[in-house]
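Examining the three-dimensional arrangement
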Amino acid sequence: MTRALISQGPLPGDEPVPSIDMSTVLAGVELVSPVLTASGCAAAGRELDQFFDITAIGAVVTKSVMLTPRSGRPTPRMAETPSGMLNSIGLQGPGIDRFIEHDLAWLSDRGATTIVSIAGGSVDEYAKLAARLRIARGVSAIEVNISCPNVENRGQVFACETGSAADVVQAVKRHSDPRMPIIAKLSPDVTDIVSIAGAVVRAGATGVSVINTLLGMVINPDTMRPHLAGITGGLSGPAIRPVAVRCVWQIRQAFPDLPIIGMGGIRTGLDALEFVLAGADAVSVGTVIFHDPSAPMRIQGELQRALVERGFGSLSEAVSYAHRPADAVPEVDDVLDFISE
Amino acid sequence: MPVQVKGEVLDNRRVGAYQVLSLTAPGISEISRPGHFVTLGIGGEESSMLLRRAFAIHQVQSRGVYGGTLDVVIGVHGKGTRWLADRRRHDVIDIVGPLGRPFILPKERVACALVGGGYGSAPLFMLAEQLRERGCRVDVVVGAATEEKLFGVLELKRLASTLTITTDDGSLGERGRVTDVLPEIMDRVDAAVVYACGPMPMLQRVAEVAEERQAYSQCAVEEAMACGVGVCMTCVLPVVGEDGVTRMLRSCVEGPVFRGDRVRWADVGTIPPDTLGAPVEAGR
């Protein structure tokens with residue numbers, strides 16, 4: 001089917017945006033909006049609920065939780081970089097039991113749609129995490145973080161190799177409710193992200209989150225040593241957006257029907273639109289939250305406006321639109337509208 | 001509860017080595033207490049500098065037509081603070097606040113010592129006023145490397161029962177550190193509480209001096225932050241809880257004011273091995 005479109009030009013800033021269907025179905029989960037928080041940038045939603053209604057966005061993706069409490073890495077844990085930042089938190093968190101009791105319960109009572117991100121040091125830990133979540137209430141999907149760069153042993157970055165990535169996903173799948181959507185979060189620090197995506201899909205992943213941070217490093221010119229206590233850290237923010245859009249594009253080309261959450265440096269509605277056009281069914285907003293705690297809500301509004309301005313009647317019409325054939329023509333009605341203007 | 005507002009620059013003036021930035025901050029200034037801080041967005045909407053900068057609230061005013069306004073004191077250290085120093089009247093800056101846990105004020109009319117290092121004296125002005133209103137005696141000590149880096153000496157003289165000044169180079173007041181003169185001042189006035197804001201080594205020594213005298217210390221830390229609202233987990237330091245367990249706490253939401261006897265000052269920048277969830281040594 002040929003979709004929209006001739007640009008209808010920008011709407012005046014104060015004009016209400018015509019309402020279009022922004023809902024999306026992600027790996028079987030119905031979301032009111034395609035805009036989610038990115039894991040690690042929204043804690044467990046409570047802090048951001050002070051700035052906007054967290055039930056009004058698509059979902060809260062919680063900070064990756066591990067089996068036991070974790071102190072994280074020493075400080076300094078971050079460095080500002082051009083249009084981005086490096087972080088080296090090291091998965092500080094309360095452990096799964098306290099998370100379920102304290103954070104997940106709050107999210108559930110609040111009525112937020114919640115995607116729980118889990119991280120482990122071994123396949124067995126991921127399996128145990130999945131088993132704990134199986135009996136917890138309020139989990140809409142599990143995001144399997146196999147790509148955190150801030151672990152002591154780079155061998156633990158399961159997403160860097162097809163075999164280990166598949167092992168983790170298989171274990172999570174086996175220990176979860178069979179209906180629970182399992183979304184694998186992938187690392188861009190690989191030669192061929194499509195082959196990793198293929199491996200996790202074959203292992204039972206319902207969808208993929210693309211991308212986690214890129215491994216980076218800053219040396220302080222005054223101390224002439226690495227700035228981060230953890231030496232290396234994960235690079236995020238608008239600086240990585242073109243890498244992220246490329247990864248979404250490549251995976252969408254290879255897997256036309258795979259649910260994809262796109263993320264990496266989204267700062268505005270137009271940035272989110274890029275990911276949607278490249279093939280993302282939903283987008284996660286991360287580092288920009290540090291700059292603007294209201295960003296998820298703002299971006300949701302801006303994305304809706306951007307879709308309307310381009311003649312889309314719903315979000316779903318725009319997903320993967322950049323993949324249309326070069327000779328695809330706009331719908332006749334739109335052309336006529338354009339000519340008559 | 002913090003809010004996010006667009007603040008308009010009312011004034012941006014140089015004071016010694018610092019800039020004092022006055023902003024409209026409707027909804028923030030009215031509920032700010034001494035020790036609260038705000039974060040400011042840097043570089044406008046297209047900025048390549050994503051991280052907000054955190055500043056202790058120095059003063060709040062109710063200025064008629066503007067509604068609530070507030071002042072922050074800025075030390076120019078890098079590109080972000082340079083950008084703030086270059087703002088002019090009517091420029092707009094994104095503000096989030098009030099943030100953090102403020103200083104806890106004593107219920108009784110006890111003597112209080114206030115200690116500021118460099119522009120760490122900024123949050124002590126509101127504090128001194130409120131302590132005085134409660135009938136507390138307020139003795140202030142401020143210090144810096146050199147005279148130019150002291151902040152607000154004249155105004156503090158008006159607010160305090162006594163003001164003691166130290167500089168590392170002896171350019172004003174006594175040569176030395178604030179913590180060299182603090183013990184004598186606390187003893188003289190029998191201070192029950194000491195409030196401090198400044199660099200970590202100063203806070204560590206203030207906490208020790210207080211503890212030696214069985215006084216309370218309330219220390220406002222200046223940790224590097226990315227978000228200021230509790231979601232990024234970058235501004236942590238090791239703090240002992242009431243249960244005796246050390247946790248890595250966020251200075252933005254669990255601080256910036258901590259009880260001095262609870263912070264493991266010597267271990268700041270590390271994860272002490274007995275911290276909850278600390279890495280287990282290989283082989284164990």
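Keep in mind it's a predicted model, so treat the numbers as computed, not measured.

**Looking at the overall build of chain B**
- Of the regular secondary structure elements, chain B holds 5 helices and 15 strands.
- Projected onto its principal axes, the C-alpha coordinates of chain B cover approximately 55 × 50 × 40 Å.
- Evaluated residue by residue, chain B yields a buried proportion of 52% over its 284 residues.
- Across chain B, the fraction of contacts at a sequence separation of at least 24, relative to all contacts at a separation of at least 6, is 64%.

**As for the overall build of chain A**
- In terms of regular secondary structure, chain A is built from 10 helices and 16 strands.
- Per-residue burial for chain A yields a buried fraction of 58% across its 341 residues.

**Considering the domain arrangement of chain B**
Residues and elements named next belong to chain B.
- Segmentation of chain B into domains returns domain 1 (3–99), domain 2 (103–222) and domain 3 (225–284).
- Between the C-alpha centres of domain 2 and domain 3 the distance comes to 25 Å.
- Every contact between the two is made by 13 residues of domain 2 and, on the other side, 12 residues of domain 3.
- Secondary structure elements with two or more residues in the side of domain 2 that touches domain 3: α5 (200–212) and β12 (216–220).
- Of the residues in the side of domain 2 that touches domain 3, the class split is 9 nonpolar, 3 polar and 1 charged.

**Remarks on the pairing of strand β8 (residues 138–144) of chain B**
All names here are of chain B.
- Buried residues dominate β8, accounting for 7 of its 7 residues.
- Across the two faces of β8 the burial is the same, with V138, V140, V142 and A144 and D139, V141 and G143 all buried.
- Where strand β7 (residues 112–117) lies against β8, 6 bridges are found, and the strand directions are parallel. Its bridge partner being in β8, G116 is matched across the sheet by V142.
- In this fold, the crossover linking β7 to β8 by way of helix α2 (residues 124–133) has right-handed handedness.
- Across 6 bridges, β8 lies against strand β9 (residues 162–167) in parallel orientation.

**So, the sheet that holds strand β3 (residues 37–40) of chain B**
Residue and element names in this part refer to chain B.
- Strand order in the closed barrel formed by 6 strands is β1-β2-β5-β4-β3-β6, and the pairing between neighbours is antiparallel. On average, each strand axis in the sheet is inclined to that of its neighbour by 45°, with strand direction left out of account.
- Sheet analysis places β3 next to strand β4 (residues 53–62), joined by 4 bridges and oriented antiparallel. Residue pairing for β4: L40 is matched across the bridge by R53.

**Re the pairing of strand β6 (residues 84–87) of chain A**
All names here are of chain A.
- What you see with β6 is no split at all: G84 and L86 on one side and M85 and N87 on the other are buried throughout.
- Summarising the sheet, strand β5 (residues 78–81) and β6 pair through 4 bridges and their orientation is antiparallel. Paired with M78 across the strands is N87, a residue of β6.
- The hairpin turn running from β5 into β6, its antiparallel successor, is 2 residues long, and S83 in that turn takes a positive phi close to 55°.
- By the bridge criterion, 3 bridges tie β6 to strand β14 (residues 233–236) in an arrangement that is antiparallel. Directly across from N87, in β14, lies its bridge partner G234.

**A closer look at helix α1 (residues 96–110) of chain A**
Residues and elements named next belong to chain A.
- Compared with an ideal rise of 1.5 Å per residue, which puts 15 residues at 21 Å, α1 spans 19 Å between its outermost C-alpha atoms and is within 8% of the ideal.
- In α1, a bend of some 30° at L104 exceeds every other bend along the element.
- Every buried residue of α1 is listed here: I96, F99, I100, D103, L104 and L107.
- Those residues of α1 that are buried lie in contact with β4 (60–61), β7 (114–118) and α2 (123–134).

**Section: the environment of A:Y321**
- For A:Y321, the position within the fold is in the loop between α9 (315–318) and α10 (332–340).
- Residues A:Y321 and A:S164 lie 157 residues apart in sequence; the distance between their C-alpha atoms is 33 Å.

**Details of the sheet that holds β5(A)**
Residues and elements named next belong to chain A.
- Across the sheet, 4 strands lie side by side as β5-β6-β14-β11; this open sheet has antiparallel pairing. Each having just a single partner strand, β5 and β11 (214–216) make up the two edges of the open sheet. Shown here is a sheet whose adjacent strand axes are inclined to one another by a mean of 35°, direction ignored.

Reading guide: rules and limits
Chains are numbered independently. Their residues run from 1 in the order of the written sequence. Following the order in which they are written, the chains are lettered starting with A and the ligands numbered starting with 1. Per-residue local features are limited, in this predicted model, to residues with pLDDT of at least 70; the limit for side-chain atom pairs, both in listing and counting, is 80 or more; totals at the level of whole chains, interfaces and linings are taken over all residues. Helix and strand assignments come from DSSP, with helices taken as H or I runs of at least 4 residues and strands as E runs of at least 2, each series counted from the N terminus. Here a residue counts as buried when 20 or more other C-beta atoms fall within 10 Å of its C-beta, as exposed when 12 or fewer do, and as partly exposed in between; the C-beta atoms come from the backbone. Two residues form a contact once the distance between their C-beta atoms, set from the backbone, is within 7 Å. Where a domain begins and ends is set by an automatic assignment or by a domain database. Under the scheme applied, nonpolar residues are Ala, Val, Leu, Ile, Met, Phe, Trp, Tyr, Cys and Pro; charged residues are Asp, Glu, Lys and Arg; polar residues are all the others, including Gly. Should DSSP find at least two bridges between two strands, the strands are taken to pair. Whether a crossover is right-handed depends on one test, that the path from the first strand over the helix to the second runs clockwise when the strands point away from the viewer. Only C-alpha atoms enter the line fits that serve as axes; for helices the fit covers just the stretch in contact. Angles between N-to-C directions range over 0 to 180 degrees. Helix span is expected to be 1.5 Å times the residue number reduced by one. Across the chain, bend at a residue is computed as the angle between axes fitted to the seven residues ending at that point and the seven starting from it.

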